[in-house]
Amino acid sequence: FHDFRAVPFRTFTALMLRLSAMPGQVTTPDRAHVHIFFMDGVGLGAADPAENPFAAARLLNLTALLGAEWFVGGRGPVAAARATLVPTDATLGLPGRPQSATGQATILTGRNVPALAGEHYGPKPNAAVANIVRQGTLFSEVAAAGGRAALLTPYPERYFEAINSGRRLLSAVPLAAASAGLPLLGVDDLRAGRAVSPDFTGAGWRDFLGYADVAVLSPEDAGQRIAALAAAHDFSFFEHWPTDQVGHRGSLAEAVAHLESMDAALGGLLDAWDDAHSLLILTSDHGNLEEKSHRQHTRNAVPTILVGRDHAAHAATIHDLTDIAAVVRRVLGLPTPNY
């Protein structure tokens, strides 16, 4: 198929899983792969539905996965049959509120980027953070080992125009992918099913960006598509930034509605996920959304949720954001780099 828009969704999912097993591909059903589902600005907070939208939202899939009140801070790890949640330190020994650029760079490098840069910094990388990212990340390590890596989040044409003109800087995640020589995906990839919109459904591309021919998915189908695309790569990353946006700008009711949509997408992802041969990691760079009494980042621990292959053993090695990259390297058999 040259255009996945013509393929029924469940056929698309099955096809992607078959493609991942074709001769000549690095990823096979017997070889592990890792996907990071990145939730920007999500921390562990209070069990107060008047402040914490996680406490007010109906999160059926995450609750089924981890149990009641999994989102509450100060409880320690949450162990379940299919998954383990680890409260993860995002402050990394520095004062102040953690920021996006340094937090995301830490996840992708395994290095204490705030300490190396001298501060928590964001939202976009400054020169010090950008230099650290360009030295190497999980994207470049997988590519150098002959594996397949991808950032599954697409960007509209106006984004590339702004980057090329210098009006806008790449944030840490697309900078890491581009520095590894990976293509940043665009609207053609979204149309063809090779990418998934940060809003899951793609409705924003039609309603706000003017792409009338972009198909609108249900959140559940979007989650299944993420799983299918992840199965075709050794390492993949889905950047979900609207959680941070609604934390900064949205009301409590808007945050609740957004979390319920995200939970539905995660339900589709979990339904299609192959626990036996792969590891799914949900994590964040800093807290924000969990405290709607203000619009700033928090110093709260962030949830790192591991689903699937050896999740409990890997979770036991995670204490702060620097530990996530080591888990990915261990699963994929990558050497520890000398950065």
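Residues numbered from 1 in each chain as written. Predicted model: local features only at pLDDT ≥ 70, side-chain atom pairs only at ≥ 80, totals over all residues. Heavy atoms only, no water.

Visitor: How should I be thinking about the packing of aromatic side chains in this particular structure?
Guide: Where two aromatic rings form a pair, the distance of their centres and the angle of their planes describe that pair. Considering all chains together, one arrives at 13 aromatic pairs under this definition. Consider the rings of F200 and F238, whose centres lie 6.0 Å apart with planes at 25°: the pair is stacked. Here the residue F200 occupies a position in the loop between α10 (187-191) and α11 (203-207), and F238 occupies one in strand β5 (residues 235-240), the gap between them amounting to 38 residues. The burial state of F200 is the same as that of F238; both residues are buried. Among the aromatic residues, those joined into a ring-pair cluster are F38, F139, F235 and F237. (Phe/Tyr/Trp six-rings, centres within 6.5 Å; stacked < 30°, edge-to-face > 60°. Helix = DSSP H or I, 4+ residues; strand = E, 2+ residues; numbered from the N terminus. Buried < 20%, exposed > 50% of the residue type's maximum accessible area, 1.4 Å probe, protein only.)

Visitor: Would you mind going over the sheet that holds strand β1 (residues 33-39) with me for this structure?
Guide: Note: strands within a sheet are paired through backbone hydrogen bonds, in either parallel or antiparallel orientation. The strand order across the open sheet formed by 7 strands is β2-β3-β7-β6-β1-β5-β4, and the pairing between neighbours is mixed. A single partner strand is all that each edge strand has here, and the edge strands are β2 (78-79) and β4 (149-151). (Pairing = 2+ DSSP bridges.)

Visitor: Is there a simple way to think about the layout of surface pockets in this case?
Guide: In this model, the largest pocket occupies a volume close to 1,000 Å³. R168, P198, W241, P242 and Q245 are the residues nearest the centre of the largest pocket, which is lined by 34 residues in total. Contributing elements (two or more residues each) for the lining of the largest pocket: α4 (100-109), α8 (157-165), α11, α13 (242-249) and α14 (252-272). If one sorts the elements of the lining of the largest pocket by residue count, α13 sits on top with 6 residues. Considering only residue class, the lining of the largest pocket consists of 13 nonpolar, 13 polar and 8 charged. (1 Å grid on protein atoms, 1.4 Å probe; cavity = no way out; pocket = protein on both sides within 12 Å on 5 of 7 lines; lining within 4 Å. Points joined across faces, edges and corners; volume = space filled by probe spheres on them. Nonpolar A, V, L, I, M, F, W, Y, C, P; charged D, E, K, R; others polar.)

Visitor: Would you mind showing me how to read unusual backbone geometry here?
Guide: Only a minority of non-glycine residues have a phi that is not negative, and only a minority of peptide bonds are not trans. The omega angle of the peptide bond from G122 to P123 is 10°, so this bond is cis rather than trans. Positive phi, normally seen in glycine, also occurs at L92, with a value near 55°. In this fold, L92 is placed in the loop between β3 (83-88) and α4. L92 gets classed as buried once you look at its relative accessible area, which sits at 7%. Even without a glycine there, the phi angle at D310 is positive, about 55°.

Visitor: Help me understand α8, please; the structure alone is not making it clear to me.
Guide: Since the α-helix packs 3.6 residues into each turn, any two residues three or four apart lie on the same face. Among the residues making up α8, those that are buried are Y159, A162 and I163. One face of α8 carries all of its buried residues, which in axial projection span an arc of 100°. Contacts made by the buried residues of α8 are with α9 (172-179). Phi turns positive, to about 85°, at G166, one or two residues after α8. (Arc of directions from axis to C-beta. Contact = heavy atoms within 4.5 Å.)

Visitor: Can you walk me through the confidence of the model for the protein chain in this structure?
Guide: Per-residue confidence for the protein chain gives a mean pLDDT of 92; residues scoring 70 or more make up 91%. Confidence drops under pLDDT 50 across residues 1-29; counting only partners more than four residues distant or on other chains, this segment forms 47 contacts. (pLDDT = per-residue confidence, 0-100.)

Visitor: Got a minute to help me understand helix α16 (residues 324-332) in this structure?
Guide: Along α16, 7 of the 9 residues are buried, which leaves the element largely enclosed by surrounding structure. Along α16, the residues classified as buried are I324, A325, V327, V328, R329, V331 and L332. Trailing α16 by a residue or two, G333 shows a phi angle of about 70°, which is positive.

Visitor: Would you take a moment to explain the packing of α13 against α14 for this structure?
Guide: The geometry of a pair of packed helices is captured by two quantities: the angle between their axes and the separation between those axes. One way to put it is that α13 packs onto α14 with a least axis distance of 9 Å and a crossing angle of 170°. In this view, α13 runs roughly antiparallel relative to α14, as classed from their interaxial angle. On α14, the residues touching P242, T243 and V246 of α13 are E254, A255, H258 and M262. Broken down by class, the residue content of the contact of α13 with α14 amounts to 4 nonpolar, 2 polar and 1 charged. (Axes fitted to C-alpha atoms, helices over the stretch in contact; angles between N-to-C directions. Parallel < 35°, antiparallel > 145°, perpendicular 65-115°, else oblique.)

Visitor: I keep staring at the nonpolar core and nothing clicks. Help me out?
Guide: Within soluble globular proteins, side chains that are nonpolar generally end up buried alongside one another. In this structure, I36, F139, F235, F237 and I281 are the most contacted members of the largest nonpolar core, which totals 48 residues. Looking at this core element by element, the count peaks at 6 residues for α16. Every residue in contact with F237, bar those within four places of it in the chain, is listed here: H35, I36, F38, L108, F139, A150, L151, L152, T153 and V173. (Core = buried A, V, L, I, M, F, W, Y, C linked by side-chain atoms within 4.5 Å.)

Visitor: Sorry, what's going on with the pairing of β3 here?
Guide: Consecutive side chains of a regular strand alternate in pointing toward one face of the sheet and then the other. The element β3 is extensively covered by neighbouring structure, given that 5 of its 6 residues are classed as buried. As paired elements, β2 and β3 share 2 bridges and run antiparallel to each other. Within the sheet, the bridge partner assigned to A79 lies in β3 and is T84. The turn linking β2 back onto β3 is made up of 3 residues.

Visitor: Help me out: how do you make sense of the pattern of salt bridges in this one?
Guide: Pairs may arise between side chains of opposite charge once their charged atoms sit close together. By the definition in use, this model includes 5 salt bridges. Note that E141 and R329 form a salt bridge whose closest N and O atoms lie 2.7 Å from each other. With a gap of 188 residues between them, E141 in helix α7 (residues 138-144) and R329 in helix α16 connect regions that are remote in the sequence. For the residue pair E141 and R329, the accessibility class agrees, reading buried in each case. Among the ionic pairs, R191 bridges to D213, the shortest N-O distance being 2.9 Å. With R191 in helix α10 and D213 in the loop between α11 and α12 (219-231), the pair connects residues that are 22 residues apart, well separated along the chain. (Salt bridge = Lys/Arg side-chain N within 4 Å of Asp/Glu carboxyl O.)

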